[in-house]
Structure formats: structure tokens, C-alpha cells
Amino acid sequence: MAWRSSGTSNSELIENLWRNEMIKHPDAKSAFLKVDRAHYAPRSPYEDCPQPIGHHATISAPHMHASAVEHLLPFITPSEERPGPRVLDIGSGSGYLTHVLAELVGEQGKVVGVEHISELKELGERNMKKSKEGRELIEKGRVRFRVGDGRRGWIDDEDAEGKGKGWDAIHVGAAAVKVHEELLEQLASPGRMFIPVEDEGEGQGWGQHIWCVDKDEKGEVRKRKLFGVRYVPLTDAPKA
Ligand code: SAH
């Protein structure tokens, strides 16, 4: 599954992900087509595998980005009950998924990418500014990159409208030791989180699974274990 979708251009990569049913929804497909992965992956951008981006971080494999978007889709696309989805992307790294999410949330939506390494926060921003579309999304304020410890989520004091509302969707791009309480608290009701978590009883860097965590309109939380993965860990920021 991991390598099957590689292509020689962005559109070929996305068409292959579509054909292999990693991307299933047309809205997701058109958002992925709008973002050239070459602006984010320094090497072999159209291969369906992760690539190093420096600072021990990687840009995740395209099929993982596809899976995250597919699982979060109802919470990251505008609807009557949620005209401007508010999305938090923890461990924004290359900025690639942050950009794809911004293409999906629509005119009234907001995406905040949080990184604990300031050079990577800047890398994400710089990568996004390589395209006119990306630059405009940043200028309009639909996307913001911020430095912080993603285990604590992000309290968005800069967004007057969204203040106190919680995040409709939280994507976590690095493996957590648990579903952190502050992230759960910051999830809107209803809201959904896509998060890789270390398997219990293992040390960091061994078994991990993606968990899909749903909070319903009454605030009740349901966690579903989806599939095994291998992400870099969600850690303390390295000492400068
Ligand atoms: N979604 C990104 C994934 C980058 S790898 C992409 O596809 O490009 C995971 C990222 O999580 C790294 O950039 C790493 O610096 C960041 N990270 C690790 N621990 C973190 C923490 N506690 N808070 C915020 N970011 C963290």
C-alpha cells in the first residue's frame, strides 16, 4: 500500500492515490491536486513515502496525508452547521498538510499549524509561500503557523470569532504517548481528532496506532483504534 501510489508528477501521484482508494472523496482529491508536494518535500516529492526535512522530522507519506484528510473530512469542510471549520495541525513540519487543510476549510475556515521547532515553523511558512495560492492563504489569515508545544494544543487568542469555541478537527502529525487531556478539552463538541499514539506497554518508537477520537454534541468521547503506523515522536523541543 505504501509505495503503490508513487507518480512522476503531482497529478499522477494524486490520481494513483485515488485509484488505490487512499483518496476517496472528490473534495479531498481536488484539494490535494491544488498543492504541489514538490514545494514541501526536498527530494522525490511524488514518491509515496516519507522524506526527511531536517531536525529529525519527516514529511509524512502521501498515503498517510490522504488517510488523515479522509478521516477528518466531515469536520474540515464547510457545512450548514459548521460554515467555517477551525482546524489545528500539530507538528506542521513541512507545512504540506497544513496547506491542504487550508484548501478544504473554505473562505470562513481557519487552520493553525503548531511546531515546537521554530526553524520548522518557518520552513512550513516558507514552503507555503512558494505558490501564489499558498501566499494568499497566509495573507488572508486563513492559515497561521505558530511555535508551541503541541501536546498542550493551542489556545487561539488571535481569532476573536473562534475564541473559546474549540477545534472542529485536530490533526496530530507525531506520535503521542497518550491522547493528551488538553487536546481532548480543546476539541469542539462535536469534533474529531486524528492522532498517532504509542501502543501501551511499549517504549517510544515501537508500536503505534492511529486513533480516531470523536467528541459528540454532548461532550462524550469515543476512541477508535484504526491501524498501525510509524511516526516520529511528539516530544520536548530540543535544547538550543
Ligand atoms: N505533518 C508534518 C509532519 C512532520 S513530522 C508533515 O507531513 O510535514 C512531525 C513533526 O512534529 C516534526 O516537525 C516535529 O518537529 C513536530 N513535533 C514533535 N513534537 C512536537 C511537539 N511537542 N509540539 C509540536 N510539534 C512537535
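Described in the following lines is the structure provided in the data block.

Rules behind the numbers
- Residues numbered from 1 in each chain as written.
- Predicted model: local features only at pLDDT ≥ 70, side-chain atom pairs only at ≥ 80, totals over all residues.
- Heavy atoms only, no water.
- Helix = DSSP H or I, 4+ residues; strand = E, 2+ residues; numbered from the N terminus.
- Buried < 20%, exposed > 50% of the residue type's maximum accessible area, 1.4 Å probe, protein only.
- Contact = heavy atoms within 4.5 Å.
- Core = buried A, V, L, I, M, F, W, Y, C linked by side-chain atoms within 4.5 Å.
- Near = heavy atom within 4 Å.
- Polar contact = N/O pair within 3.5 Å; in protein donor to acceptor, adjacent residues only side chain to side chain.
- Areas by Shrake-Rupley, 256 points an atom, 1.4 Å probe, with all protein chains shown as cover.
- Nonpolar A, V, L, I, M, F, W, Y, C, P; charged D, E, K, R; others polar.

**Description of the environment of Val 69**
Right, so step 1: Looking at the element boundaries, Val 69 is found in helix H3 (residues 62-76).
Right, so step 2: Taking the relative accessible area as the measure of exposure, Val 69 reaches 1% and is therefore buried.
Right, so step 3: Here the alpha-carbon distance between Val 69 and Leu 101, two residues 32 residues apart in the chain, equals 7.7 Å.
Right, so step 4: Every residue in contact with Val 69, bar those within four places of it in the chain, is listed here: Ala 28, Phe 32, Ile 76, Leu 97, Val 100 and Leu 104.

**A look at the nonpolar core**
Right, so step 1: Among the nonpolar cores identified, the biggest contains 46 residues, and Val 69, Ile 76 and Val 100 are the most heavily contacted of them.
Right, so step 2: Counting only elements with at least two residues in this core, the list comes to helix H1 (10-19), helix H2 (26-34), strand S2 (57-59), H3, helix H4 (96-105), helix H5 (118-128), helix H6 (132-139) and strand S5 (143-147).
Right, so step 3: Listed in part, the 19 residues of the second largest apolar core include Val 172, Leu 184, Leu 187 and Val 213.

**Some points on H5**
Right, so step 1: Considered for burial, the residues of H5 that qualify are Leu 120, Lys 121, Leu 123, Gly 124, Glu 125, Asn 127 and Met 128.
Right, so step 2: Elements that come into contact with the buried residues of H5 comprise strand S1 (51-54), S2, H4, strand S4 (110-115), H6 and S5.

**A few points about the site of the ligand**
Right, so step 1: Near the ligand, the surroundings consist of 23 residues, among which His 65, Ser 94, Glu 115, Gly 150 and Thr 235 are the closest.
Right, so step 2: One of the backbone nitrogen or oxygen atoms of Gly 91 is found 3.2 Å away from a nitrogen atom of the ligand.
Right, so step 3: Burial of the ligand by the protein chains amounts to 98% of its free accessible area of 580 Å².
Right, so step 4: The leading source of residues in the shell around the ligand is S2, at three residues.
Right, so step 5: Its residues assigned to classes, the shell around the ligand shows eight nonpolar, twelve polar and three charged.

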